[in-house]
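# Descriptive analysis of the structure
Single-letter residue listing:
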Amino acid sequence: MDQLCNYSDSRLLHGCIYCDQGLSETRDHVPSKVFLDTPYPENLAIVPACFNCNNGFSRDEEYVACLLESVIVGSIAPSKARRESIAKTLRRNQPLCSMIAAGMSESNGQTVFKVQNERVQNIALKLARGHAAFEFGMPFRSAPAYIQCEPMSAMPAQAREQFEDAAVPTVFGEIGSRSMQRLQVMEVMLRSQTGEQRTHTYFINTWVDVQEGRYRYLATNEEYGVRVRIVIGEYLAFEVRWEN
């Protein structure tokens, strides 16, 4: 993962990025390491956070990571987990393991899991706030206008294609912010019916791969506001939007 320095106004990013009350007492990794495998990527992003927020998300993060792995493999058994870190958590945290197991059932020959949506959305918002703060150099503490969490396999084909697309920003963020530095130039040559050729130039933002197959995200500043898309384990998709 490429690490970019933030050259925007440092005064815009102050205090805890997650709450209005906390000071920047600690640094929080974005994404949380529970969603990654060792060896961790070099230059993993960090954002300022207060002590309470930095520690307050841990239980929900473990829940989401363990639930996701259990859904993918169709079992809560630690021996079935593909990720050793998750297997260790399931062995160590028996209450969490039992809670996920209690939500398992069979439907049409398939194992299904009851999901605590509030906890999943809590982590989706936490991750989105972290990426937005890191990319745009400012906090997004207000409630989002839109938040969606779903398996990528559940998306209709057109919706998934739109979700996966690179973004053509219509609004540019702070000069020097990481989002500005990530802009790429794309040239498209079009030919009219009369044979006339014209070249159109676009700026685009593409997905940031934090760890291949495990975690990627795309944060963009669009006409209506800021949009953050996240994919964990190439299975679970998050989308969070803030309106201007």
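Use the structure listed above.
Since this is a predicted model, take the numbers as computed values, not measurements.

## A look at the pattern of salt bridges
Under the defined criterion, the tally for this structure stands at 13 salt bridges. The salt bridge involving Arg92 is made with Glu62; its shortest N-O contact spans 2.7 Å. With Arg92 in helix α3 (residues 84-92) and Glu62 in helix α2 (residues 58-73), this residue pair connects regions lying 30 residues apart in the sequence. Between Arg216 and Glu164 there is a salt bridge, with the nearest N and O atoms lying 2.9 Å from each other. Of this pair, Arg216 sits in strand β9 (residues 215-222) while Glu164 sits in helix α6 (residues 157-164); the two residues are 52 residues apart in sequence, bridging distant segments of the chain. In the salt-bridge network here, residues are joined through shared partners; they are Glu222, Arg227, Glu239 and Arg241.

## Considering the packing of α2 against helix α5 (residues 117-136)
The packing of two helices is summarised by the inter-axis angle and the distance between the axes. Running from N to C, α2 and α5 cross one another at 110°; their axes reach a closest spacing of 9 Å. Judged by the angle between their axes, α2 and α5 are roughly perpendicular. Contacts from Arg59, Asp60, Glu61, Tyr63 and Val64 of α2 reach α5 at Arg119, Val120, Asn122, Ile123 and Lys126. Here the contact of α2 with α5 is composed, by residue class, of four nonpolar, one polar and five charged.

Calculation notes
Residues numbered from 1 in each chain as written. Predicted model: local features only at pLDDT ≥ 70, side-chain atom pairs only at ≥ 80, totals over all residues. Heavy atoms only, no water. Salt bridge = Lys/Arg side-chain N within 4 Å of Asp/Glu carboxyl O. Helix = DSSP H or I, 4+ residues; strand = E, 2+ residues; numbered from the N terminus. Axes fitted to C-alpha atoms, helices over the stretch in contact; angles between N-to-C directions. Parallel < 35°, antiparallel > 145°, perpendicular 65-115°, else oblique. Contact = heavy atoms within 4.5 Å. Nonpolar A, V, L, I, M, F, W, Y, C, P; charged D, E, K, R; others polar.

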